[in-house]
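# Structure at a glance
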Amino acid sequence: QVQLVESGGGLVQAGGSLRLSCAASGGTFSRYAMAWFRQAPGKEREFVAAITRSGGTTYYGDSVKGRFTISRENAKNTVYLQMNSLKSEDTAVYFCAAADAMGIITISRRIDYWGQGTQVTVSS
């Protein structure tokens, strides 16, 4: 059983930056493809970014491409999401996700473990 704990959310002005962290425990972190999803009030959960087991390949949703960067440190069992040039439409609860799979995971039904989420609010 893998536990995922997100941190780093908060309130930021439009144009600002935040870095989210997700600490994993209870499993072999390097065997999991990792991803970030988000969910705004009244909307479905949306894919944000994903990274392969080794960290060698990343993939982004169209709405965040060029502004967000996903990375991981397997030695620290942690995945990050650097968010720059934040917009009000980025306001959501952000979830860390792990899949015991190779490659890039962008579909929520393929996720094996979810974090509890961290709120990001961008004021305009």
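Up top is the structure.
Conventions used here
- Every chain's residues receive numbers from 1 upward, in the order its sequence appears when written.
- Under the rules for a predicted model, residues below a pLDDT of 70 receive no local features and side-chain atom pairs below 80 are neither given nor counted, while totals for whole chains, interfaces and linings still include all residues.
- As a convention, hydrogens and water are excluded, and side-chain values are obtained from all of the structure's heavy atoms.
- Numbering of helices and strands runs from the N terminus; a helix is a DSSP stretch of H or I covering at least four residues, while a strand is a stretch of E covering at least two.
- Classification of residues uses two cut-offs on accessible area relative to the type maximum, computed with a 1.4 Å probe and protein chains only: under 20% is buried, over 50% is exposed, and between them is partly exposed.
- Nitrogen and oxygen atoms within 3.5 Å of one another constitute a polar contact, given that in protein one can donate a hydrogen and the other can accept it, and given that sequence-neighbouring residues count only through two side-chain atoms.
- In what follows, a contact means two residues having at least one pair of non-hydrogen atoms within 4.5 Å.
- One requirement defines pairing of two strands: DSSP has to find at least two bridges between them.
- Between the N-to-C directions of two axes lies an angle of 0 to 180 degrees, each axis being a line fitted to C-alpha atoms and, for a helix, fitted only over the stretch in contact.
- Within this document, salt bridges are pairs made up of a side-chain nitrogen of Lys or Arg and a carboxyl oxygen of Asp or Glu, the two lying within 4 Å of each other.
- Centres within 6.5 Å make a pair out of two Phe, Tyr or Trp rings, where for Trp the six-membered ring is used; the pair is then stacked when the planes are under 30 degrees apart, edge-to-face when over 60, and tilted otherwise.

### Digging into the side chain of T78
Secondary-structure assignment places T78 in strand β8 (residues 78-83). Among the residues examined, T78 registers a relative accessible area of 10% and is labelled buried. Polar side-chain contacts of T78 include one of 2.7 Å to the backbone oxygen of K76. With sequence-adjacent residues up to four places away left out, T78 is seen in contact with S21, C22, A23, F29, R72 and E73.

### A few points about the sheet that holds strand β3 (residues 18-25)
Taken together, the four strands give an open sheet; going across it, the order is β1-β3-β8-β7, and neighbouring strands pair in antiparallel fashion. The sheet is open, and its two edges are formed by β1 (3-7) and β7 (68-73), each paired on a single side. Each neighbouring strand pair of the sheet contributes to a mean axis angle of 15°, computed without reference to strand direction. Here β1 pairs with β3 via five bridges, running antiparallel. Each bridged residue has a counterpart across the sheet, and for E6 the counterpart in β3 is C22.

### Some details on the pattern of salt bridges
Working definition: two side chains of opposite charge can pair if their charged atoms are close together. Counted according to the given criterion, the structure contains seven salt bridges. The shortest N-O distance in the salt bridge between R38 and D90 comes to 2.9 Å. One end of the pair, R38, is in strand β4 (residues 33-39); the other, D90, is in the loop between β8 and β9 (92-99), and 52 residues separate them in sequence. Across the pair, exposure class does not vary: R38 and D90 are buried alike. D62 is the partner of K65 in a salt bridge, and the nearest nitrogen-oxygen pair spans 3.1 Å.

### Details of the pairing of strand β5 (residues 46-51)
Remember that side chains alternate between the two faces of the sheet whenever the strand is regular. With respect to burial, β5 is a largely interior element, five of its six residues being buried. Pairing between β4 and β5: five bridges, direction antiparallel. Residue pairing in the sheet places F37 in a bridge with F47 of β5. The sheet contact formed by β5 and strand β6 (residues 58-60) spans three bridges and is antiparallel. Among the inter-strand pairings, A50 is bridged to a residue of β6, identified as Y59. What sits between the antiparallel neighbours β5 and β6 is a turn of six residues, in which G55 has the positive phi angle 90°.

### Some remarks on the packing of aromatic side chains
Evaluated as defined, the whole model comprises five aromatic pairs. With a centroid separation of 6.0 Å and an interplanar angle of 75°, the aromatic rings of Y32 and Y113 are classed as edge-to-face. With Y32 in the loop between β3 and β4 and Y113 in strand β10 (residues 113-114), this residue pair connects regions lying 81 residues apart in the sequence. The two residues Y32 and Y113 agree in class, both being buried.

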